[in-house]
Amino acid sequence: MNDFGQIVTGVVEVHVKGEKGQKIVLRHAEVLDKDGNFYPETLRQAKSIDTFICNGEEQIFRPHFTFHGFRYISVEGMEEFTADQFFACVIHSDMEKTGDFPCPNIKVNKLQSNIIWSQRDNFLIFHGL
C-alpha cells in the first residue's frame, strides 16, 4: 500500500521494469478502515482499478481516459516495490484563483488549503469529444 498524504483527483504513474506479461493492478481508496487496512468500499460502485501488462523492459505506465479520487493505492502483481516508483498526478480544471486568505492561525490556513484542494478534486469538468 502507498499513501500519497492527501486525497487527490487524478491518476498514478508507475515506473517499473517487470517480466514480460507480468500483470500489475493498482486499486485506489480514499480512506483506511478503523484498523488501518486498505478500504475502497467508500467508493461504492466505482471500479477504481488500473491494470498494466509489462513488456519486459523499463516502462512508465500512466492511464489515459480516466481519473480516480484517492489517497491510497494497493499494488498487486509486484513482489517488491518502493514508494518512489509511484507518482500521484493531479488532474483538475483550470480555475483562476481570485483571492487568498492568509491567517496567523496555522489550523485556519490548513482548513483553507483543504477547501481549495476539495474544490480542485470535485470541480473537474470533462469536455468529451
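Residues numbered from 1 in each chain as written. Predicted model: local features only at pLDDT ≥ 70, side-chain atom pairs only at ≥ 80, totals over all residues. Heavy atoms only, no water.

Trainee: Looking at this structure, I do not really get the overall build of the protein. What am I missing?
Mentor: Within the protein, the regular secondary structure consists of 1 helix and 8 strands. Secondary structure of the protein in N-to-C order comes out as β-β-β-β-β-β-β-β-α. Out of the 129 residues belonging to the protein, those deemed buried represent 29%. Expressed as a percentage of contacts within the protein between residues at least 6 apart in sequence, the contacts between residues at least 24 apart total 76%. For the protein, the exposed surface amounts to about 9,300 Å²; the carbon and sulfur share of it is 52%. Charge-centre separation for the protein: the mean point of 13 positive side chains lies 5 Å from the mean point of 18 negative side chains. (Helix = DSSP H or I, 4+ residues; strand = E, 2+ residues; numbered from the N terminus. Buried < 20%, exposed > 50% of the residue type's maximum accessible area, 1.4 Å probe, protein only. Contact = heavy atoms within 4.5 Å. Areas by Shrake-Rupley, 256 points an atom, 1.4 Å probe, with all protein chains shown as cover. Lys, Arg positive; Asp, Glu negative; His and termini not counted. Charge placed at Lys NZ, Arg CZ, Asp CG, Glu CD.)

Trainee: How should the pattern of salt bridges be read in this particular structure?
Mentor: Two side chains that carry opposite charge are able to pair once their charged atoms sit near each other. Scanning the entire structure with this criterion turns up 4 salt bridges. Salt-bridge contacts for Arg-71 lead to Asp-3; the nearest nitrogen and oxygen are separated by 2.8 Å. With Arg-71 in strand β7 (residues 68-76) and Asp-3 in strand β1 (residues 2-17), this pair connects stretches of sequence that are 68 residues apart. For Arg-71, a relative accessible area of 25% gives the class partly exposed. The residue Arg-62 makes a salt bridge to Glu-13 at a minimum N-O spacing of 3.7 Å. A residue pair is termed long-range when its members are at least 10 positions apart, and Arg-62 in the loop between β6 (58-61) and β7 and Glu-13 in strand β1 qualify at 49 residues. (Salt bridge = Lys/Arg side-chain N within 4 Å of Asp/Glu carboxyl O.)

Trainee: Help me out: how do you make sense of the layout of surface pockets in this one?
Mentor: The rolling of a water-molecule-sized probe over the atoms marks out the regions of remaining empty space. Its boundaries defined by the atoms lining it, the largest pocket holds a volume of some 320 Å³. In this structure, the largest pocket is lined by 13 residues; those nearest its centre are Glu-96, Lys-97, Thr-98, Ile-116 and Gln-119. Looking at the lining of the largest pocket residue by residue, the class counts come to 4 nonpolar, 5 polar and 4 charged. Around the second largest pocket sit 16 residues that line it, and Ile-7, Thr-9, Trp-117, Asp-121 and Asn-122 are the ones nearest its centre. Counting residues per element, the lining of the second largest pocket draws most heavily on helix α1 (residues 106-122), at 7 residues. Along the lines of polarity and charge, the residues of the lining of the second largest pocket split into 5 nonpolar, 8 polar and 3 charged. (1 Å grid on protein atoms, 1.4 Å probe; cavity = no way out; pocket = protein on both sides within 12 Å on 5 of 7 lines; lining within 4 Å. Points joined across faces, edges and corners; volume = space filled by probe spheres on them. Nonpolar A, V, L, I, M, F, W, Y, C, P; charged D, E, K, R; others polar.)

Trainee: When you look at the side chain of Gln-59 in this model, what are you seeing that I'm missing?
Mentor: With respect to the helices and strands, Gln-59 occurs in strand β6. Apart from residues no more than four positions distant in its own chain, Gln-59 is found in contact with Val-14, His-15, Val-16, Ile-53 and Cys-54.

Trainee: Could you clarify how one ought to interpret the state of the cysteines in this entry?
Mentor: Disulfide: a covalent bond connecting the sulfur atoms of a pair of cysteines. What the rule picks out here adds up to 0 disulfides. With no disulfide of its own, Cys-54 has Cys-89 as its nearest cysteine by sulfur position, at a separation of 17 Å. Overall, the relative accessible area of 3% leaves Cys-54 in the buried class. (Disulfide = S-S within 2.5 Å.)

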